[in-house]
Amino acid sequence: METETETTTAKESWIKKRTTTVTSSTTKTTTISTPAKLYGKDLSEYDEVDVDALLAQLSPEEINILAKEVDPDDSFLPPNERCSYECEKEPTGPLDRKKLIEHINKQALETPDLPENEPYVKGTVRGKKWLPPARSEKDKEVEEGIAIDMGEEYEQALTSATQEEIIDLAAILGFHSMMNQDQYHASLLNKGQPIGLGWDGITKSQQQKVYPMDPPNNTDIEDSIKRVKDDDPKLIELNFNNIKNISDEKLIQLFDALPDNEHLEVLSLTNVGLTDKTALLLAQAIEKSKTLRVLNVETNFISPPTIVALVRSLLKARTVEEFRASNQRSSVLGNKIEMEITELVEKNSSLLRLGLHLEFNDARHRVAAHLQRNIDRIRLSRLNQRK
């Protein structure tokens, strides 16, 4: 049996853990919980621990073990430290991206396909075939029972209406999207409908027109660069569009030869992988060019500040009449860049066409107005020369 002293001690310990406060109308219970501990210490004691001092005491092997326990989704770590895989092999040489891709493609072609366990047989269904769920009779009755009561007057009007009048009514009500183009245009022109194409005819798609694909650009890069260097008088237009294997060295050779060329007028470099490095060299070449009139560098990887540098180079050339540089790495130029381009264009008296997507209305209107003034001034000068 428990003694009186043990009973009193148990009551006191229970009262310390659970305290009840009684008021006039409510009773509030407060529960005292034990603080959380880690390795026998309270968590608050670890707040003053110097983490750098602890890491300095670890050996390189222990640091590697600790690094493998790091959360890979921690956004504060650089990507190369989130992966626990470490390659212990020494590099065999500098990275050559072109050779690496060729090696991967070669391995993919030489690796035999895995044999199929069962050969493909046309018309044979393997596994469970999906069948639509059966519809209940109640759903069918509901669909069949749907009817629209339009009134006697509307029903008589629609019953006595001709086919052309019904088509015109559908166009007025906005139902023309339910008709094919032949029906719609015939209703607009008030023509009779041929058999099968009237209001009772079946709406069907028309035969698509198949256009042949554009042939690949077979321009000889080395020969073209040599002709630019030699200032070939027959080379007036140079088109390198969609040639994706042009190296930076070839582009640098081309841009170095542009200042000394006095016959090239049109240069197209669309989708050739032009970067900021080579585009800045192109800007320097444009400043010294004497005959270049049209420059197209659309669909490349040029940043907005480099586009500003290209537009600024047109001020010194004073020969370029058309410049196109849309669809670059950054789809939005920004207000600051657009204002810089606008100010440079307003200082240019020779530019007639600018192929750039400007987002802000102020920049678009100012550029369009200035280009129109340049066109009008040149047109008037030509008229005066004829007189």
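Residues numbered from 1 in each chain as written. Predicted model: local features only at pLDDT ≥ 70, side-chain atom pairs only at ≥ 80, totals over all residues. Heavy atoms only, no water.

## Some thoughts on the environment of Ile307
Then, in step 1: The topology assignment puts Ile307 in helix H12 (residues 304-317).
Then, in step 2: Residue classification places Ile307 among the buried residues on the basis of a relative accessible area of 2%.
Then, in step 3: As for Ile307 and Ile337, which are separated by 30 residues in sequence, their C-alpha atoms are 8.9 Å apart. (Helix = DSSP H or I, 4+ residues; strand = E, 2+ residues; numbered from the N terminus. Buried < 20%, exposed > 50% of the residue type's maximum accessible area, 1.4 Å probe, protein only.)

## A closer look at the environment of Ala279
Then, in step 1: Within the secondary structure, Ala279 is located in helix H11 (residues 276-288).
Then, in step 2: Distance in space between the C-alpha atoms of Ala279 and Phe255 is 9.4 Å, their sequence separation being 24 residues.
Then, in step 3: Non-local contacts of Ala279, meaning those with residues more than four positions away in its chain, are made with Leu274, Ile302, Thr306 and Leu310. (Contact = heavy atoms within 4.5 Å.)

## Topic: a nonpolar patch on the surface
Then, in step 1: There is a patch of nonpolar side chains on the surface, built from Leu43, Tyr46, Val49 and Leu54 and spanning about 320 Å² of accessible area.
Then, in step 2: With respect to the secondary-structure elements, Val49 resides in the loop between strand E4 (41-42) and helix H2 (51-56).
Then, in step 3: Take Val49: its relative accessible area is 35%, and that puts it in the partly exposed class. (Patch = residues over 30% accessible without salt bridge, like charges linked within 9 Å, V, L, I, M, F, W, Y side chains within 5 Å. Areas by Shrake-Rupley, 256 points an atom, 1.4 Å probe, with all protein chains shown as cover. Salt bridge = Lys/Arg side-chain N within 4 Å of Asp/Glu carboxyl O.)

## With respect to the layout of surface pockets
Then, in step 1: Of the volumes computed, that of the largest pocket is approximately 510 Å³.
Then, in step 2: Along the wall of the largest pocket there are 13 residues; nearest its centre are Arg97, Lys244, Asn245, Ile246 and Ser247.
Then, in step 3: Of all the elements in the fold, those that place two or more residues in the lining of the largest pocket are helix H4 (97-110) and helix H10 (248-257).
Then, in step 4: Among the elements that take part in the lining of the largest pocket, H4 stands out by supplying three residues, more than any other.
Then, in step 5: Its residues assigned to classes, the lining of the largest pocket comprises four nonpolar, three polar and six charged. (1 Å grid on protein atoms, 1.4 Å probe; cavity = no way out; pocket = protein on both sides within 12 Å on 5 of 7 lines; lining within 4 Å. Points joined across faces, edges and corners; volume = space filled by probe spheres on them. Nonpolar A, V, L, I, M, F, W, Y, C, P; charged D, E, K, R; others polar.)

## A closer look at the pattern of salt bridges
Then, in step 1: Applying the stated criterion across every chain, the model contains twelve salt bridges.
Then, in step 2: Between Lys226 and Asp230 there is a salt bridge, and its shortest N-O distance comes to 3.0 Å.
Then, in step 3: We classify Lys226 as exposed; its relative accessible area is 52%.
Then, in step 4: Across the salt bridge formed by Arg379 and Asp376, the nearest N and O atoms sit 3.8 Å from each other. Highlighted residues: Arg379 and Asp376, both in helix H14 (residues 361-386), separated by three residues, approximately one helical turn.
Then, in step 5: Residue classification places Arg379 among the partly exposed positions, given a relative accessible area of 44%.
Then, in step 6: Since its relative accessible area comes to 26%, Asp376 is described here as partly exposed.
Then, in step 7: When salt bridges with common partners are traced through the structure, they connect Glu265, Arg293 and Glu321 into a single cluster.

## Structural notes on the confidence of the model for the protein chain
Then, in step 1: Of the residues in the protein chain, 74% have a pLDDT of 70 or more, and the chain-wide mean is 79.
Then, in step 2: Predicted confidence in the protein chain is weakest over strand E1 (residues 18-22), with a mean pLDDT of 40, and strongest over strand E7 (residues 294-296), with 95.
Then, in step 3: Segment residues 1-8: pLDDT under 50, and one contact once partners within four positions in sequence are set aside and those in other chains are kept.
Then, in step 4: Considering only residues more than four positions removed or in separate chains, one finds that residues 13-32, a stretch of pLDDT under 50, has 14 contacts. (pLDDT = per-residue confidence, 0-100.)

## Notes on the sheet that holds strand E6 (residues 266-268)
Then, in step 1: Within the open sheet, the five strands sit side by side as E5-E6-E7-E8-E9. Their pairing is parallel. With partners counted over all chains shown, the strands left at the sheet margins are strand E5 (237-239) and strand E9 (353-355), one partner each. On average, adjacent strands in this sheet sit at an angle of 5 degrees to one another, irrespective of strand direction.
Then, in step 2: By the bridge criterion, three bridges tie E7 to strand E8 (residues 322-324) in an arrangement that is parallel. Looking at E8, one finds that Asn296 is bridged to Arg324. (Pairing = 2+ DSSP bridges. Axes fitted to C-alpha atoms, helices over the stretch in contact; angles between N-to-C directions.)

## Some points on the environment of Arg312
Then, in step 1: On the secondary structure map, Arg312 appears in helix H12.
Then, in step 2: Owing to a relative accessible area of 41%, Arg312 belongs among the partly exposed residues under this scheme.
Then, in step 3: Considering only alpha carbons, one finds Arg312 and Glu287, 25 residues apart in sequence, at a separation of 8.9 Å.

## Focus on the side chain of Ser268
Then, in step 1: Secondary-structure assignment places Ser268 in strand E6.
Then, in step 2: On the accessibility criterion, Ser268 (10% relative accessible area) is buried.
Then, in step 3: Here Ser268 is in contact with Leu238, Asn239, Phe240, Asn241 and Asn296, once residues within four sequence places are set aside.

## Some thoughts on the nonpolar core
Then, in step 1: Membership of the largest hydrophobic core comes to 50 residues, with the highest contact counts inside it found for Leu282, Val297, Phe323 and Ile341.
Then, in step 2: Of all the secondary-structure elements, those providing two or more residues to this core are helix H9 (221-229), H10, H11, H12, helix H13 (335-347) and H14.
Then, in step 3: With seven residues, the single largest contributor to this core is H12.
Then, in step 4: In this view, Leu282 contacts Phe255, Leu258, Leu267, Leu269, Leu274, Leu295, Val297 and Leu310; residues no more than four positions away in its chain are not counted. (Core = buried A, V, L, I, M, F, W, Y, C linked by side-chain atoms within 4.5 Å.)

## Re the packing of H13 against H14
Then, in step 1: For the pair H13 and H14, the least separation of the axes is 9 Å and the interaxial angle reads 15 degrees. If you check the angle between H13 and H14, you find them roughly parallel. Considering only the axes of H13 and H14, their crossing is left-handed. Contact residues: H13 offers Glu338, Met339, Thr342, Glu343, Val345, Glu346 and Lys347, while H14 offers Asp362, Ala363, Arg366, Val367, His370 and Leu371.
Then, in step 2: Classifying every residue of the contact of H13 with H14 gives five nonpolar, two polar and six charged. (Parallel < 35°, antiparallel > 145°, perpendicular 65-115°, else oblique. Left-handed = near helix turned anticlockwise from the far one by under 90°.)

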